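Analysis of the macromolecular model
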Amino acid sequence: MCRAVDLQRAVLAKNEAAAQILRTELTARGTTVVNLLSSPGSGKTALLERELRLAGERGVAAAALTADLATENDARRLARSGAPVKQVLTDGLCHLEADMVARHLHDWLPESTRLLFVENVGNLVCPAGYDLGESLRVVLASVTEGEDKPLKYPTAFGLAQLVIVTKTDMAEAAEFDEAAFRAHVEQVNPGVEVLLSSVRDGRGAGALLDRALAAAGGNRVHTPVMARAGA
Amino acid sequence: MHEMSLAVAVVDQVETAARSRGAVGVSSIELDVGELAGVVADALAFCFELACADTVVEGAELITRTVPGTARCEPCAEVWAVGMPPCLLCPGCGAAADGLVSGRELQIREVRWADPEAAREDHRQPITEES
């Protein structure tokens, strides 16, 4: 009564196709997307606010799309940097998808935008599987979250092209073991760069902006092992 | 819960395939889910029940097959089970793996159509995809 058909289709093929179209279109007009992932409260918005301000000071046209389940608080904070900012309300969805990003850019993103930072929903599980058309994927972890975050969320950390440790001014109080954190990152994502940052004392200021501009300039970014097919 | 988005994607893809083949029902869908794909099988099964309601897929059984993560070190010609959390450093030489051999799959492996008409046609003229 049945027949079997081998479809062999990637379940996420639709998102991947949308992401590829978005990347091609934005790259053609000179816009590079940076996708920021982290758990809630790790300091994405504070870091982004600082980097957007620096971008403004250096004359780099940067913009931000920030996603949350509710409130426009982050958009209001980020707008203080002077950069174009748009809030995405996901109505309960735990991650962004490429077509959501594309929809929000329509009629909003200035043509001259060089860097578009996308602040994903605060969550280290669901956003990991979704390409948003980015050229640089950054995962943040604050010193208060524990050194084993990369092991607990291996897909999120394993697919990052850059890892940023935030709130390092509190490292001592949090008894953050930097060597252990780096070893755990190396285990799931060998060779990825780990940057240290503190918005409070200025450590690492401009580092994210520099890496984003390097990616925009066509510099080769890290390819995680998890993103490479086996030889 | 990103499993809902995945469940909707599965149903969409199978519905599209069903329309193109003229199938009237689906008896089962088999998925390959890699250990490192970040998907919870139970959550996916729950979401699938909701996503397939009122579609041609309604009533289909969802079978999830977990694919273990394995990586390869080219110089050592070694392939190892990376485990969970994964270790992507070669157990032989300690160098970074060249890449994953398996473990990030998220694929529809097989769909079984519940379709008496199709089965009769198959009987007259075997179809290569038939198992």
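Residues numbered from 1 in each chain as written. Chains lettered and ligands numbered in written order. Predicted model: local features only at pLDDT ≥ 70, side-chain atom pairs only at ≥ 80, totals over all residues. Heavy atoms only, no water.

**Overview of the sheet that holds strand β4 (residues 78-81) of chain B**
Residues and elements named next belong to chain B. The criterion, for reference: One bridge is not enough; two strands pair if DSSP finds at least two bridges between them. The way it works is that DSSP assigns letters per residue, a run of H or I at least four long becomes a helix, a run of E at least two long becomes a strand, and they are numbered from the N terminus. Angles run from 0 to 180 degrees between N-to-C directions of axes, and those axes are lines fitted to C-alpha atoms, restricted for helices to the stretch in contact.
Within the open sheet, the three strands sit side by side as β4-β3-β5. Their pairing is antiparallel. Where the open sheet ends on each side, the last strands, each with one partner, are β4 and β5 (99-102). For this sheet, the mean angle separating the axes of adjacent strands, direction not counted, is 35°. Of the strand pairs in this sheet, strand β3 (residues 70-73) and β5 are connected by three bridges, and their pairing is antiparallel. Paired with Arg 72 across the two strands is Gly 99, which belongs to β5.

**Structural notes on the sheet that holds strand β3 (residues 32-37) of chain A**
Hydrogen bonding along the main chain pairs the strands of a sheet, whether they run parallel or antiparallel. Residues and elements named next belong to chain A. To be explicit about the condition: Note on contacts: a residue pair is in contact if any heavy atoms of the two residues lie within 4.5 Å.
Reading across the sheet, the seven strands line up as β5-β4-β6-β3-β7-β8-β9 and stay open at both edges, with parallel pairing between neighbours. Each edge of the open sheet is held by one strand with a lone partner, namely β5 (85-89) and β9 (194-196). With direction set aside, neighbouring strand axes in the sheet form an average angle of 20°. Here five bridges tie strand β4 (residues 62-68) to β5, and the two strands are oriented parallel to one another. The residue of β5 that forms the bridge with Ala 64 is Val 85. Contacts between helix α4 (residues 98-105) and the sheet are confined to β4, β5 and β6 (115-119), with β4 contributing the most and set at about 125° to the helix. The sheet strands contacting helix α8 (residues 207-216) are β3, β6, β7 (136-142), β8 (162-166) and β9, and the helix crosses β6 at an angle near 120°.

**Side note on the UniProt feature "domain: CobW/HypB/UreG nucleotide-binding" (unreviewed entry) in chain A**
Spelled out, the test is: UniProt positions are given in the numbering used here, feature names are shortened, and annotations may be inferred rather than shown by experiment.
Annotation from UniProt places "domain: CobW/HypB/UreG nucleotide-binding" (unreviewed entry) at residues 33-194 of chain A. Secondary structure content for residues 33-194 of chain A is 31% helix and 22% strand, and the end C-alpha separation is 20 Å.

**Regarding the UniProt feature "binding site: Ni(2+)" (unreviewed entry) in chain B**
All names here are of chain B. Stated formally: Burial classes follow relative accessibility: with a 1.4 Å probe on protein chains only, a residue under 20% of its type's maximum area counts as buried, one over 50% as exposed, and anything between as partly exposed. Any pair of nitrogen or oxygen atoms within 3.5 Å is treated as a polar contact; in protein, a donor-acceptor pairing is required on top of that, and neighbouring residues in sequence qualify only through side-chain atoms on both sides.
As recorded in UniProt, the feature "binding site: Ni(2+)" (unreviewed entry) lies at His 2. Along the chain, His 2 falls in helix α1 (residues 2-21). In this structure His 2 comes out as buried when scored by relative accessible area, which is 4%. A distance of 3.2 Å separates a polar atom in the side chain of His 2 from a polar atom in the side chain of Glu 3.

**Concerning the packing of aromatic side chains**
All names here are of chain A. The condition that has to hold: Stacked, tilted and edge-to-face pairs are distinguished by plane angle, under 30 degrees for stacked and over 60 for edge-to-face with tilted covering the rest, among Phe, Tyr and Trp rings (Trp via its six-membered ring) whose centres lie within 6.5 Å.
Scanning the model with the defined rule gives two aromatic pairs over all chains in all. Here the aromatic rings of Phe 157 and Phe 181 are separated by 6.4 Å at their centres, their planes lie at 80°, and the arrangement is edge-to-face. With Phe 157 in helix α6 (residues 154-158) and Phe 181 in helix α7 (residues 178-188), the pair connects residues that are 24 residues apart, well separated along the chain. Among the residues examined, Phe 157 registers a relative accessible area of 0% and is labelled buried. Measuring from centroid to centroid gives 5.6 Å for Phe 176 and Phe 181, while their planes differ by 50°, and the two rings are tilted. Feature note: the residues Phe 157, Phe 176 and Phe 181 constitute an aromatic cluster, connected by ring pairs.

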